[in-house]
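# Architecture at a glance
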Amino acid sequence: NAGVTQTPKFRILKIGQSMTLQCTQDMNHNYMYWYRQDPGMGLKLIYYSVGAGITDKGEVPNGYNVSRSTTEDFPLRLELAAPSQTSVYFCASRPGLAKNIQYFGAGTRLSVL
Amino acid sequence: AQKITQTQPGMFVQEKEAVTLDCTYDTSDPSYGLFWYKQPSSGEMIFLIYQGSYDQQNATEGRYSLNFQKARKSANLVISASQLGDSAMYFCAMREGQGSGAGSYQLTFGKGTKLSVIP
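Our subject in this report is the structure included herewith.

About the thresholds
- Residues numbered from 1 in each chain as written.
- Chains lettered and ligands numbered in written order.
- Predicted model: local features only at pLDDT ≥ 70, side-chain atom pairs only at ≥ 80, totals over all residues.
- Heavy atoms only, no water.
- Core = buried A, V, L, I, M, F, W, Y, C linked by side-chain atoms within 4.5 Å.
- Buried < 20%, exposed > 50% of the residue type's maximum accessible area, 1.4 Å probe, protein only.
- Helix = DSSP H or I, 4+ residues; strand = E, 2+ residues; numbered from the N terminus.
- Contact = heavy atoms within 4.5 Å.
- Disulfide = S-S within 2.5 Å.
- Pairing = 2+ DSSP bridges.
- Axes fitted to C-alpha atoms, helices over the stretch in contact; angles between N-to-C directions.

## Some thoughts on the nonpolar core
Among the nonpolar cores identified, the biggest contains 24 residues, and Y25, W36, I49, L77, Y90 and L115 of chain B are the most heavily contacted of them. For this core, the elements supplying multiple residues, two or more each, are β3 (19-21), β5 (32-39), β6 (46-52), β8 (64-69), β9 (74-79), β10 (88-96) and β12 (113-118) of chain B. A total of 4 residues in this core trace back to one element, the largest contributor, which is β10 of chain B. Each residue touching Y25 of chain B, except ones within four places of it in the same chain, is listed here: K3, I4, Y32, L34, F68, Q69, K70, K73, S74, A75 and M94 of chain B. L45, V88 and I101 of chain A together with F109 of chain B belong to the second largest nonpolar core, which has 20 residues in total.

Next up, the structure:
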C-alpha cells in the first residue's frame, strides 16, 4: 500500500526561487494537511483541505499556497523562497471518521540558501 | 499557553525495561482526541496510539499503552519491554472537536521527547 507519497525527498533552493512540493494519497481520504517541522520542534499546520476544491489556512500559511483539484493530490507551492522556510515538510491525510488518525508521508527536507 | 506540553526533552531506558513519556494538554473543548506518534531518525511520522476524550478505558496497542488521566489533563505514553528499535523522537498531539464534519481538526503537537534505549 502506497499511503501518502511526497516528492521530492530533499531539495535545495536559492532565495527567491519557487517550487512545488507534491503530495498524493491513494486511500480516498477527504482531509489532507501540510505541516512544517522546524529543528527541535513539533509540527505546525500550514494549510489543510476538507475535500476537492476546498482549502483553508492553518497556523503558519504565509509564503505558501495550495490547491486541491482532486481527492488524491494536494500540492504545496512556495513562492519566493526565504531562509525561514528551511524546514521539513510533511503531508498527511485522514478519513472523515471520528477517530481521525492522520497518516503522514515520509517528509520533504527543504533548505533555502 | 501551550496546548501540548512534553516536559522531558530526552529520556534513557534500559532495554527490556518499561518507560513512561509524559504529556499534558490544555483544552476547554469537551470532545478531543490525543495521539502519540513516533519519529525515528529516518524522519517519518508513525502513528502509535489514540485516546478519545470520552473513552472509558485507557488505549492499548501492543507494547504501547496510554495512561489517560482526564482530571489531570495528562496522556502519558507507556512503552513496555523497550527494544533498541524504540529509540526515536516521540510526539504527543491533540485534536480538538468532534473530528468529523466541517473544520480542520488539525493536530497540535508538542515539542517531543527523544527516547534512547540502552543495550
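## Remarks on the state of the cysteines
The final tally for this structure, using the stated rule, is 2 disulfides over all chains. With a sulfur-sulfur separation of 1.9 Å, C23 of chain A is cross-linked through a disulfide to C91 of chain A. Classification of the bridge connecting C23 of chain A and C91 of chain A rests on its S-S torsion, roughly -70°, and on that basis the disulfide is left-handed. Here the residue C23 of chain A occupies a position in strand β3 (residues 19-25), and C91 of chain A occupies one in strand β9 (residues 87-94), the gap between them amounting to 68 residues. Exposure class is identical for C23 of chain A and C91 of chain A. Each is buried. Covalent S-S linkage joins C23 of chain B and C92 of chain B, the inter-sulfur distance amounting to 2.0 Å. On the sign convention where negative means left-handed, the S-S torsion of about -65° between C23 of chain B and C92 of chain B marks this disulfide as left-handed. On the criterion of sequence distance, the pair formed by C23 of chain B in the loop between β3 and β4 (24-25) and C92 of chain B in strand β10 is long-range, its members being 69 residues apart. No difference in accessibility class separates C23 of chain B from C92 of chain B, as the two residues are buried.

## Structural notes on the sheet that holds strand β7 (residues 64-66) of chain A
All names here are of chain A. Across the sheet, 4 strands lie side by side as β1-β3-β8-β7; this open sheet has antiparallel pairing. The open sheet is flanked by β1 (4-7) and β7, the only strands paired with a single partner. Across the sheet, the axes of successive neighbouring strands diverge by a mean angle of 20°, strand direction being ignored. In the sheet, β3 pairs with strand β8 (residues 76-78) via 3 bridges, with the strands oriented antiparallel. Across the sheet, L21 pairs through a bridge with L76, a residue of β8.

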